[in-house]
Amino acid sequence: MTDSTIEEIKNRLDIVEVLQEFIQLRKSGANFKAPCPFHNEKTPSFMVSPEKQIWHCFGCGEGGDIFGFVMKIEGVEFPEALRILAKKAGVELRREDPALQNKRTRLLDICKLTAAYYHKVLLESPKAEFVREYLKSRKIDPDAIEQFKLGYSPDSWDFLFEFLKKKEYSEEEIFLAGLTVKKEKGVGYYDRFRNRLMFPINDIHGNTVGFGARTLQKEEQGAKYINSPETLIYNKSHILYGLDQAKTSIRKEDSVIVVEGYTDCISAHQAGITNVVASSGTALTEGHLKLIKRHTSNIIMAFDRDAAGAEAAKRGIEVALMQEMNIKVLELLSGKDPDEAIKENKDAFLKAVKEAKPYLQYYFDNTFKNFDLSRVEDKKRAAAVLLPIIVKIANGIEQSHWLKELAKKIDVSEEILKERIRKTVKSPGAPVQKVTAEGSVKPISRFLKIGEELLSLLLYFPEQISLAVKELVPEYFIEQKQSFLYKNLVIYYTKKEQFNISEFQQQLFSEKNDESAAYLDILLLLGEENFSDLAELSVKQYIKERINLLKRNVISLKLKAIEQKIKVLEEQKTSQNQEEFDTLSQKFIQLTNQLRQLE
Ligand SMILES: [Zn+2]
């Protein structure tokens, strides 16, 4: 693979459009902004520059281009990021290129090939006639079969296995893709999926990573549904069925409807309700919610009408409450599941979507339905059911609202309920902490930030560089990257007595200081965002403040070091080190005076 492929992909894609698929960006002047997906923050410091085609977080220091972003947010290596972006850009990659291959991409290729193979069998094989009949009877259109690449796994122990081996995949690889099972006795493998209707499960980019498989046999032969096991590419708590098809629509509608089954999801899409994904019968995990949150904070749960459905709904919802997402619950008016409901009456289903109740309202109503609130026992039980849910609401205002509601309903003072909550929270095992999806990256330290701001101010207002040159030596920047750039800036400025940023950047490039040259772009981005409307007087003030803070920081660090040394000397008090002791003490007094002057 050549650099030109990477360049071509970069040229065809716009960084804002690419990142928007993962996070919600807001326009901010010429740039875009968002809360950083890589560290926890309330005020957005994650910036994207369409002009420079870079992103940078001023909170944690992460940054780069589209490739770096996809690698980081998807937790993948370069070959996969390249595939994802090449697909978006419509750039053809040569498959045999070893730079594009790693273990994971090999498994993705196997799954893609398998999905296509099962699909072809379903459409063309005479043996799949009964499956085609079944789909017709379930009113699943040819278009939907095509869109979701439904397939049929032949009734054979090694059909797929032999097919894939002919495509030069190893037995080991086919097994690792989750498509075969190891024989219990002896060696060898056999096909995992036999004589089943196949639902390829895709990741958000449309890569097939696993399969769901439904038996069509009347007599019970194993489970009705079986799934691929977790593999290197299939992590069940990070995949939602249909999300690759639904993501654009979810963004447009600013809401997602979560159903349980594959066919619920397919029926909805077929009926033109396209912001629908399926949880495949498991409770929503933090990973699922993180995926959804990239596109919307509004979730509508549409589960089956049986008790298991209600329980599954509850389990997912508790996690969502902690993530501060808005959850509504849709109550089906007809049909046992969304699939039936949509087929019976699409408009009634859409009406139910519109009238979905906020989750807590739904949960309150349902709970009270089962209790007789004139009885003390039932009041206690209602509180016992509802309080644990209320505790989990991350938003304080909302929590207080529902606490009031409960107090009113069971005619108990709010204080008593609050006391109960305090006890619940204190008891071991209770989830006191908010679940956070991010937080893998630490915020940058205060003085790194101040250094960054100072450099940014100087580059954005070069007429003030002389002010810094007089006051500040490079050593006052505690980070190497910053002091190096500042040193070069001072040298350049002293020689030229004026400043031209593109010339300065060119010079850095020509001296092979690419990292510093790229850092300039980031600093300018910070300047545009934070300082573009500063008045001249404030600019001076801002710069002086930051110079002062950096100086004080370095002096304080020096003082601490001297203090340490003096302590050691005092412990071993000998005549030899008396001299050293005196020098250090003098230095200490000197620095303390300097520090005082700066305060
Ligand atoms: Zn960050």
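Quick caveat, the model's predicted, so the values are computed rather than measured.

Chemist: Got a sec to walk through helix 10 (residues 243-253)? Specific residues and values, please.
Modeler: Of all the positions in helix 10, only Leu243, Asp244, Ala246, Lys247, Ser249 and Ile250 are classed as buried. Looking at the buried positions of helix 10, the neighbouring elements they touch are helix 4 (78-89), strand 9 (196-202), strand 12 (256-259), helix 11 (262-270), strand 13 (276-278) and helix 12 (286-293). Following helix 10 by one or two positions, Asp254 has its phi on the positive side, about 50°.

Chemist: Lay out the UniProt feature "zinc finger region: CHC2-type" (unreviewed entry) in the chain in plain terms, naming residues and giving numbers.
Modeler: Within the UniProt annotation, "zinc finger region: CHC2-type" (unreviewed entry) is assigned to residues 36-60. Secondary structure within residues 36-60 divides into 0% helix and 32% strand; the distance between the first and last C-alpha atoms comes to 8 Å.

Chemist: Go over the nonpolar core, please, and point to the residues and values.
Modeler: The biggest cluster of nonpolar side chains holds 59 residues, and the ones touching the most others in it are Leu150, Leu179, Tyr241 and Leu330. Looking at this core element by element, the count peaks at nine residues for helix 5 (residues 103-124). Dropping the residues within four chain positions of it, Leu150 is found in contact with His119, Leu122, Leu135, Ile140, Ile145, Met198, Phe199, Pro200, Tyr241 and Ile266. In this structure, Phe368, Ala383, Leu403 and Ala407 belong to the second largest nonpolar core, which totals 44 residues.

Chemist: Go over the sheet that holds strand 4 (residues 54-57) with me, naming the residues and quoting the values.
Modeler: Across the sheet, which stays open at both edges, the five strands sit in the order 1-2-3-4-5 with antiparallel pairing between neighbours. Each edge of the open sheet is held by one strand with a lone partner, namely strand 1 (26-28) and strand 5 (63-64). Looking at chain direction, strand 2 (residues 31-34) and strand 3 (residues 46-49) are connected through three bridges and run antiparallel. Its bridge partner being in strand 3, Ala34 is matched across the sheet by Phe46.

Chemist: Outline the coordination of the zinc ion, listing residues and values.
Modeler: The protein atoms that coordinate the zinc ion are Cys36 (SG), His39 (ND1), Cys57 (SG) and Cys60 (SG), at distances spanning 2.1 to 2.3 Å. Here the zinc ion is ringed by four donor atoms whose angles at the metal span 101 to 123°, and the overall shape comes out tetrahedral. All donors of the zinc ion belong to a single chain; written as a sequence motif, their spacing is C-x2-H-x17-C-x2-C. Placement of the pair is His39 in the loop between strand 2 and strand 3 and Cys57 in strand 4, with a sequence separation of 18 residues. Like Cys57, His39 is buried.

Chemist: Before we move on, could you go through the domain arrangement of the chain and cite the residues and values that matter?
Modeler: Frequently, the measure chosen for interface size is the accessible area that the parts lose on association. Segmentation of the chain into domains returns domain 1 (3-99), domain 2 (102-234), domain 3 (238-363), domain 4 (370-426) and domain 5 (446-595). For the domain 1 and domain 3 pair, buried surface summed over both sides reaches about 570 Å², with 28% attributable to carbon and sulfur atoms. Counting the surface domain 1 buries against domain 3, the share from its top three residues, Glu21, Phe22 and Gln24, is 66%. Linking domain 1 with domain 3 are two salt bridges, by the criterion used here. A salt bridge links Glu74 to Arg294; the nearest nitrogen and oxygen atoms lie 3.7 Å apart. Remark: the boundary between domain 1 and domain 3 carries three residue pairs in polar contact (both at pLDDT 80 or more). Broken down by class, the residue content of the side of domain 1 that touches domain 3 amounts to three nonpolar, two polar and four charged.

Chemist: Describe the packing of helix 5 against helix 6 (residues 129-137), naming the residues involved and giving the relevant values.
Modeler: One can describe the packing of helix 5 onto helix 6 by two numbers: an axis separation of 7 Å at closest approach and a directional angle of 85°. Looking at the two axes, helix 5 sits roughly perpendicular to helix 6. Every residue of helix 6 that contacts helix 5 at Val121, Leu122, Leu123 and Glu124 is listed here: Val131, Arg132 and Leu135.

Chemist: Explain the pattern of salt bridges residue by residue, including any values.
Modeler: Counted under the stated rule, the structure contains 32 salt bridges. Between Lys52 and Glu528 there is a salt bridge, with its nearest N and O atoms 3.5 Å apart. Pair noted here: Lys52 is in the loop between strand 3 and strand 4 and Glu528 is in helix 24 (residues 514-531), with a separation of 476 residues, a long-range link. Look at Lys52 and you get buried, because its relative accessible area is 18%.

Chemist: How would you sum up the environment of Lys224? Please name residues and give values.
Modeler: You can see Lys224 is positioned in the loop between strand 10 (208-215) and strand 11 (225-227). Separated by 323 residues in sequence, Lys224 and Ile547 place their C-alpha atoms 69 Å apart. When residues no more than four places from it in sequence are discounted, the contact partners of Lys224 are Arg196, Ala213, Arg214 and Thr215.

Chemist: Go over the packing of helix 20 (residues 446-460) against helix 22 (residues 480-496), please, and point to the residues and values.
Modeler: Two elements in contact, helix 20 and helix 22, have axes separated by 11 Å at closest approach and are oriented at 25°. When the axis of helix 20 is compared with that of helix 22, the two are roughly parallel. Classified by chirality, the crossing of helix 22 by helix 20 is left-handed. Mapping the contact onto sequence places Leu448, Gly451, Glu452, Leu455, Leu458 and Leu459 in helix 20 and Gln482, Leu485, Tyr486 and Leu489 in helix 22. Here the residues of the contact of helix 20 with helix 22 are counted per class, giving seven nonpolar, two polar and one charged.

Criteria and cut-off values
Residues numbered from 1 in each chain as written. Predicted model: local features only at pLDDT ≥ 70, side-chain atom pairs only at ≥ 80, totals over all residues. Heavy atoms only, no water. Buried < 20%, exposed > 50% of the residue type's maximum accessible area, 1.4 Å probe, protein only. Helix = DSSP H or I, 4+ residues; strand = E, 2+ residues; numbered from the N terminus. Contact = heavy atoms within 4.5 Å. UniProt positions renumbered as here; feature names shortened; annotations may be inferred. Core = buried A, V, L, I, M, F, W, Y, C linked by side-chain atoms within 4.5 Å. Pairing = 2+ DSSP bridges. Donors = N, O, S within 2.8 Å, 3.2 Å for Na, K, Ca; no water. Tetrahedral: all angles 85-135°; square planar, octahedral: opposite > 155°, others 65-115°. Domains from an automatic or database assignment. Buried area = accessible area lost by both parts, 1.4 Å probe. Salt bridge = Lys/Arg side-chain N within 4 Å of Asp/Glu carboxyl O. Polar contact = N/O pair within 3.5 Å; in protein donor to acceptor, adjacent residues only side chain to side chain. Nonpolar A, V, L, I, M, F, W, Y, C, P; charged D, E, K, R; others polar. Axes fitted to C-alpha atoms, helices over the stretch in contact; angles between N-to-C directions. Parallel < 35°, antiparallel > 145°, perpendicular 65-115°, else oblique. Left-handed = near helix turned anticlockwise from the far one by under 90°.

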